[in-house]
Amino acid sequence: MTLVYKEFESPVGKLKLVANSNALVAVLWEREQPNRVKLDTATLAPQQPILLETERQLTEYFSGTRTDFDLPLQPGGSEFQKKVWRALREIPFGQTRSYLDLAKAIGSAKAARAVGAANGKNPLSIIVPCHRVIGADGSLTGFAGGIATKAALLALETRSSVV
């Protein structure tokens, strides 16, 4: 499937938005770890409608006027990963859950480590809010965009005026 991308300058750094003709497939960080998300080569297409809509909704999110995203999504991953990513979308804006909470939510209470691994492979950063998952002790744990970015996203959601 042919992939296209555009770059978006966000308050948390440059993001690479990647889509196919039907859906958004990835939101990648400027300092993305090699092979964290495996994708075919994408062609620059800054006017592609899905990418433009993603940029618009991310701009609203960063301005504090959007609390969830309404985009067609098509992340590539195993069925277990997709199950975890669907559960991530159920974490309300401005709230957090632990990896154990997430494991319990998908009916696999003993799979907290596997949930953490799936969380780390989430190709749709911000859109699928893996930044809302924290350690059981409340600590900020690994995040593809970096711990400082995770803290910034959580702070943005906490102070947002949108309910």
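Everything that follows concerns the structure shown earlier in this document.
Per chain, residues are indexed from 1 in the order of the written sequence. For a predicted model such as this one, the threshold for reporting local features is a pLDDT of at least 70, and the threshold for listing and counting side-chain atom pairs is 80 or more; totals across whole chains, interfaces and linings nevertheless cover every residue. In computing side-chain values, all of the structure's heavy atoms are included and hydrogens and water are not.

Further remarks concern the layout of surface pockets. Cavities and pockets were defined on a 1 Å grid built over protein atoms only: a cavity is a set of grid points that admits a 1.4 Å probe from which the probe cannot escape, a pocket is an open set flanked by protein on both sides within 12 Å along at least five of seven lines, and lining residues are those with an atom within 4 Å of any such point. Grid points are joined across faces, edges and corners, and a volume is the space filled by probe spheres set on the points. What the largest pocket holds in volume is close to 280 Å³. Lining the largest pocket are 18 residues; nearest its centre among them are Val37, Lys38, Leu39, Pro75 and Gly76. Residues are sorted three ways: Asp, Glu, Lys and Arg are charged, Ala, Val, Leu, Ile, Met, Phe, Trp, Tyr, Cys and Pro are nonpolar, and all the rest, Gly among them, are polar. For the lining of the largest pocket, the class distribution of residues is 8 nonpolar, 6 polar and 4 charged.

Before going further, it helps to examine the nonpolar core. Residue types Ala, Val, Leu, Ile, Met, Phe, Trp, Tyr and Cys, when buried and joined through side-chain atoms within 4.5 Å, form a set referred to as a nonpolar core. The cut-offs for exposure are 20% and 50% of the maximum accessible area for each residue type, with area from a 1.4 Å probe on protein chains only; residues under the lower value are buried, those over the upper are exposed, and the others partly exposed. Among the nonpolar cores identified, the biggest contains 38 residues, and Leu58, Phe62 and Ile126 are the most heavily contacted of them. Secondary structure is summarised from DSSP: a helix means a run of H or I of at least four residues, a strand means a run of E of at least two, and numbering begins at the N terminus for each. Elements represented by at least two residues in this core include exactly strand E1 (3-10), strand E2 (13-19), strand E3 (24-29), helix H1 (49-63), helix H2 (79-88), helix H3 (99-105), helix H4 (112-120) and helix H5 (147-159). The leading source of residues in this core is H1, at 5 residues. Setting aside residues no more than four positions away along its own chain, Phe62 makes contact with Phe8, Ser10, Pro11, Val12, Ile126, Leu153 and Leu156. Core analysis: the second largest hydrophobic core is formed by 8 residues, Ala26, Leu28, Val37 and Ala42 among them. It only takes one pair of heavy atoms within 4.5 Å for two residues to be counted as in contact.

For helices, the fitted axis covers only the stretch in contact; all axes are lines through C-alpha atoms, and the angles between them, taken along N-to-C directions, range from 0 to 180 degrees. Running from N to C, H2 and H4 cross one another at 80°; their axes reach a closest spacing of 9 Å. Put simply, H2 runs roughly perpendicular to H4. Taking contact as the criterion, the partners of Phe80, Gln81, Val84, Trp85 and Leu88 in H2 are, on H4, Ala114, Val115, Ala118 and Asn119. A per-class count over the contact of H2 with H4 returns 7 nonpolar, 2 polar and no charged. Should an angle fall under 35 degrees it is taken as roughly parallel, and over 145 as roughly antiparallel, whereas 65 to 115 is taken as roughly perpendicular and any remaining angle as oblique.

With that settled, the discussion passes to the pattern of salt bridges. Here, a salt bridge means any side-chain nitrogen of Lys or Arg that lies within 4 Å of a carboxyl oxygen of Asp or Glu. Applying the stated criterion across every chain yields a total of 6 salt bridges. Glu7 is paired through a salt bridge with Lys14; the nearest N and O atoms lie 3.7 Å apart. For Lys14, a relative accessible area of 25% translates into the label partly exposed. Here Glu53 ties to Arg56 by a salt bridge, and the two come within 2.5 Å at their closest N and O atoms.

A few words now on the packing of aromatic side chains. Here a pair means two rings of Phe, Tyr or Trp (six-membered ring of Trp) with centres within 6.5 Å. Their orientation is stacked below 30 degrees between planes, edge-to-face above 60, and tilted elsewhere. The tally for this structure, following the rule as stated, stands at 4 aromatic pairs. Taken together, a centroid distance of 5.5 Å and an interplanar angle of 40° make the contact between Tyr61 and Phe69 tilted. Each member of the pair, Tyr61 as well as Phe69, carries the same accessibility label: buried. One aromatic cluster in this structure is built from Tyr61, Phe62, Phe69 and Phe93. If you follow Lys16 out to its NZ or CZ, it ends over the ring of Tyr5, 4.5 Å from the centre. Put simply, a charge is over a ring when the Lys NZ or the Arg CZ is close to the ring centre, within 6 Å, and near the line of the ring normal, within 35 degrees.

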